[in-house]
Amino acid sequence: MPLNPDAVGYTAKPYEAAWDSKDCLLYALGVGAGSLDPTGFELEYTTENSEAIDQRVLPTFPVVVPRGAKEALTAIGDFNMAMLVHGEQSVELHTTIPVAGSVSSTTTVTGIYDKGSGAVVTTSTVATEISTGTALWTLTNAMFIRGEGGFGGDRGPSGRTELPQRDPDHCVIYRTRPDQALLYRLSGDRNPLHADPRFAARAGFDKPILHGLCTFGFTGRALLHSVCQSDPDRFVRMAGRFSKPVFPGEDLTVRVWITGAGNAVFQTSTPAAVVIDAGQFRFR
């Protein structure tokens with residue numbers, strides 16, 4: 001059965017998930033927090049018992065909270081999961097993320113687009129705190145499915161972001177660890193593409209690649225510290241498109257241009273290529 005364009009608007013059953021202080025600490029370490037200075041300014045994200053420091057949560061943490069999107073994928077039709085590539089991701093925060101909590105997440109299929117060589121499926125997931133009924137965050141996701149295009153549907157938005165023709169307002173360079181993917185996978189994504197050399201070779205890579213959402217988290221830290229002066233309450237929405245893979249151990253350079261009050265665009269690159277483009281950021 002091919003993809004079903006009529007699945008647009010389908011909403012999956014709510015899915016509950018919980019996290020605690022340890023999950024937040026492990027995620028922070030997985031995206032490089034504390035690696036530049038283990039006893040420095042990121043202690044609020046990497047420890048829970050430092051004197052006079054309250055633990056806080058990195059703004060991109062919601063991407064590793066399970067959200068029950070499998071049912072939504074089933075609704076769009078039958079396809080080979082091996083042909084699915086994570087294309088775009090955004091996280092929008094509606095309030096401060098608690099160090100421990102539980103949410104009910106609802107995922108809706110928002111678009112199925114025909115790109116010719118493949119199809120793009122977009123979803124939106126809203127997470128609501130179970131104890132209070134407060135909306136904590138919204139995640140949007142775009143997945144490219146190779147070989148599923150050509151059904152005559154709308155091509156969808158281009159998703160292009162024009163970068164200013166000037167030097168960036170901020171430029172942050174982070175070095176990933178050679179074992180970064182082994183650490184990040186402990187937050188939930190155990191895909192062997194990121195750990196098993198033989199599996200990576202079958203996928204066409206010389207060695208395992210870093211999780212795209214790990215690169216997303218490194219980029220989020222750069223935005224948090226450079227634009228928001230390390231205050232997560234100023235971090236509103238981050239979105240970007242994954243354009244090239246990253247190998248553990250590579251440097252990540254995040255360039256940021258402030259484009260107006262509360263708005264910025266960004267791009268993340270390794271020495272070899274741009275790895276996150278079409279970056280958009282909103283802040284307070």
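Residues numbered from 1 in each chain as written. Predicted model: local features only at pLDDT ≥ 70, side-chain atom pairs only at ≥ 80, totals over all residues. Heavy atoms only, no water.

The chain is annotated in an unreviewed UniProt entry as 3-hydroxyacyl-thioester dehydratase HtdY of Mycobacterium branderi. Heading Sequence similarities (unreviewed entry) of the UniProt record for the chain holds this comment: "Belongs to the enoyl-CoA hydratase/isomerase family." (UniProt positions renumbered as here; feature names shortened; annotations may be inferred.)

Caption draft 1: Quick peek at the pattern of salt bridges. Scanning all chains against the criterion turns up 8 salt bridges. Linking Arg 56 and Asp 233 is a salt bridge whose minimum nitrogen-to-oxygen distance equals 3.1 Å. In this pair, Arg 56 is assigned in the loop between helix H2 (43-46) and helix H3 (70-75) and Asp 233 in the loop between helix H6 (212-226) and strand S7 (235-242), connecting sequence segments 177 residues apart. Its relative accessible area of 23% is what places Arg 56 among the partly exposed residues. Overall, Asp 233 belongs to the partly exposed group, its relative accessible area being 34%. (Salt bridge = Lys/Arg side-chain N within 4 Å of Asp/Glu carboxyl O. Helix = DSSP H or I, 4+ residues; strand = E, 2+ residues; numbered from the N terminus. Buried < 20%, exposed > 50% of the residue type's maximum accessible area, 1.4 Å probe, protein only.)

Caption draft 2: A look at the nonpolar core. In terms of nonpolar packing, the biggest core is built from 49 residues, with Trp 19, Phe 61, Trp 137 and Phe 281 touching the most fellow members. With 7 residues, H6 is the largest single contributor of residues to this core. Once you skip the residues sitting within four places of it in the chain, Trp 19 turns out to touch Cys 24, Phe 61, Val 65, Ile 97, Pro 98, Val 99, Ala 100, Gly 101, Ser 102, Val 103, Leu 136 and Trp 137. Ranked by size, the runner-up nonpolar core spans 13 residues in total, among them Ala 72, Leu 73, Ile 76 and Ala 119. (Core = buried A, V, L, I, M, F, W, Y, C linked by side-chain atoms within 4.5 Å. Contact = heavy atoms within 4.5 Å.)

Caption draft 3: Inspection of the packing of aromatic side chains at higher detail. In this structure the tally under the stated criterion is 9 aromatic pairs. Measuring from centroid to centroid gives 4.9 Å for Phe 235 and Phe 281, while their planes differ by 65°, and the two rings are edge-to-face. Here Phe 235, found in strand S7, pairs with Phe 281, found in strand S10 (residues 274-283); they are 46 residues apart in sequence, far enough to count as distant. Here the two residues Phe 235 and Phe 281 agree in accessibility, since each one is buried. Through successive ring pairs, a cluster of aromatic residues spans Trp 19, Tyr 27, Phe 61, Trp 137 and Tyr 184. The ring of Tyr 174 has Arg 221 lying over it, and the distance from NZ or CZ to the ring centre is 4.1 Å. (Phe/Tyr/Trp six-rings, centres within 6.5 Å; stacked < 30°, edge-to-face > 60°. Lys NZ or Arg CZ within 6 Å of the ring centre and 35° of its normal.)

Caption draft 4: Broad picture of the sheet that holds strand S2 (residues 84-93). Spatial strand order, S1-S3-S4-S5-S2-S7-S10-S9-S8-S6: 10 strands in an open sheet with antiparallel pairing. Looking along the sheet, the strands with just one partner apiece sit at the ends: strand S1 (15-19) and strand S6 (170-175). Shown here is a sheet whose adjacent strand axes are inclined to one another by a mean of 20°, direction ignored. Pairing between S2 and strand S5 (residues 135-146): 9 bridges, direction antiparallel. By the bridge assignment, Glu 92 is partnered in S5 with Thr 138. (Pairing = 2+ DSSP bridges. Axes fitted to C-alpha atoms, helices over the stretch in contact; angles between N-to-C directions.)

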